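Structure assessment
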Amino acid sequence: MIVMSVDLGKARTGIAASDKDENFAFPKTVIAEHNTEKLIAKICDCAKEYGAVIIVVGLPKNMDGSLGERAKECTEIAGQIEQKSGISTVMFDERCTTVLSASYLNITDTKGKKRKQVIDAVAATVILEDYLKSSKK
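Quick look at the structure, then. (Residues numbered from 1 in each chain as written. Predicted model: local features only at pLDDT ≥ 70, side-chain atom pairs only at ≥ 80, totals over all residues. Heavy atoms only, no water.)

**Brief notes about the overall build of the protein chain**
What counts is decided by this rule: Working definition: helices are DSSP H or I runs of at least four residues, strands are E runs of at least two. Numbering for both runs from the N terminus. Classification of residues uses two cut-offs on accessible area relative to the type maximum, computed with a 1.4 Å probe and protein chains only: under 20% is buried, over 50% is exposed, and between them is partly exposed. Note on contacts: a residue pair qualifies if any of its non-hydrogen atoms lie within 4.5 Å across the two residues. Per-residue and other accessible areas were derived by the Shrake-Rupley procedure at a 1.4 Å probe size, with only the shown protein chains allowed to occlude residues.
The helix and strand inventory of the protein chain stands at four helices and five strands. Overall, the protein chain shows an N-to-C arrangement of helices and strands of β-β-β-α-β-α-β-α-α. Of all 137 residues assigned to the protein chain, the portion counted as buried reaches 45%. In the protein chain, 61% of the contacts between residues at least 6 apart in sequence involve partners at least 24 apart. Surface accessibility of the protein chain: about 7600 Å² in total, with carbon and sulfur atoms responsible for 52%.

**Structural notes on the side chain of T13**
We count it as follows: Polar contacts, as counted here, are pairs of nitrogen or oxygen atoms within 3.5 Å of one another; within protein the pair requires one atom able to donate a hydrogen and one able to accept it, and residues that are adjacent in sequence qualify only if both atoms are side-chain atoms.
The topology assignment puts T13 in strand β2 (residues 12-18). Here G9 takes part through its backbone nitrogen, which lies 3.5 Å from a polar atom of the side chain of T13. Sequence-distant contacts of T13, that is, excluding residues within four places in its chain, are made with V6, D7, L8, T29, V30, I31, L39, I43 and D120.

**Looking at the pattern of salt bridges**
Side chains bearing opposite charge may pair, as long as their charged atoms lie close to each other. Here is the rule: By salt bridge we mean one thing: a side-chain nitrogen of Lys or Arg within 4 Å of a carboxyl oxygen of Asp or Glu.
This model, assessed by the stated rule, comprises three salt bridges. R70 serves as the salt-bridge partner of E73, at 2.8 Å between the closest nitrogen and oxygen. Here R70 and E73 lie together in helix α2 (residues 69-85), a separation of three residues that amounts to about one turn. Residue E73 is classed as partly exposed on the basis of its relative accessible area, which comes to 27%. On the basis of relative accessibility, which here comes to 24%, the residue R70 falls in the partly exposed class. It is possible to trace a salt-bridge network through shared partners that takes in K10, R70 and E73.

**Comments concerning the nonpolar core**
What counts, and what does not: Residue types Ala, Val, Leu, Ile, Met, Phe, Trp, Tyr and Cys, when buried and joined through side-chain atoms within 4.5 Å, form a set referred to as a nonpolar core.
With 22 residues, the main nonpolar core has M4, V6, L8, I15, I43, I55 and I81 as its most contacted residues. Contributions of two or more residues to this core are made by β1 (2-7), β2, α1 (36-50), β4 (52-59) and α2. Those residues in contact with I55, other than ones at most four positions away along the chain, are M4, V6, A47, I81, S85, I87, S88, T89 and V90. In terms of nonpolar packing, the next biggest core, distinct from the first, is built from eleven residues, V3, A124, I127 and L128 among them.

**Side note on α2**
As a reminder of what qualifies: Multiplying one less than the number of residues by 1.5 Å gives the expected span of a helix. Directions drawn from the helix axis to the C-beta atoms are what define this arc.
Look at α2: 24 Å from first C-alpha to last across 17 residues, which is about the 24 Å you get at 1.5 Å a residue. The set of residues buried in α2 consists of A71, C74, I77, A78 and I81. An end-on view of α2 places all buried positions within 125° of arc, on one side of the element. In α2, those exposed residues whose orientation departs by more than 90 degrees from the buried face are E69, E76, Q83 and K84.

**With respect to the sheet that holds β1**
Cut-off, in case you're wondering: Here, strands pair whenever DSSP counts at least two bridges between them. To define axes, lines are fitted to C-alpha atoms, for helices over the stretch in contact only, and angles between the resulting N-to-C directions are given on a 0 to 180 degree scale.
One open sheet holds the five strands; their spatial order is β3-β2-β1-β4-β5, and the pairing between them is mixed. Unpaired on one side and paired on the other, β3 (25-32) and β5 (88-93) mark the two borders of the sheet. Taking each pair of neighbouring strands and ignoring which way they run, the sheet shows an average axis angle of 25°. Looking at chain direction, β1 and β4 are connected through five bridges and run parallel. Each residue of the ladder has a partner; that of S5, found in β4, is V56.

**Re unusual backbone geometry**
The phi dihedral of E22 falls on the positive side, at around 60°, and the residue is not glycine. Structurally, the position occupied by E22 is in the loop between β2 and β3.

Okay, structure coming up:
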């Protein structure tokens, strides 16, 4: 089954999806949308397009594991995504994914506008890879 992940951002939201065997995660797209209702609709459209059976939404925990205001916002949005899409939605710890994504982009020498355009999709891919690893345990 295909699992899709979402890295919610204030300006851009990254989307990644797995293969049918849930072995690999692939960056798919970045959605630039500030309006929450439109963002949710676009995320649901992606889930439908990719055939997602589960949607994993990154949970931005604080480094001490506590939940701040942004984590609460993401949890609310995840609930709305599940309600609108009818697809099971789970929250998954996303601590350090943006830092790791930046490291990957440094290795590939991705800079400037291109970097800005892909970092959120790469972060969604890292979230999905971590989720897939944890679900196979």
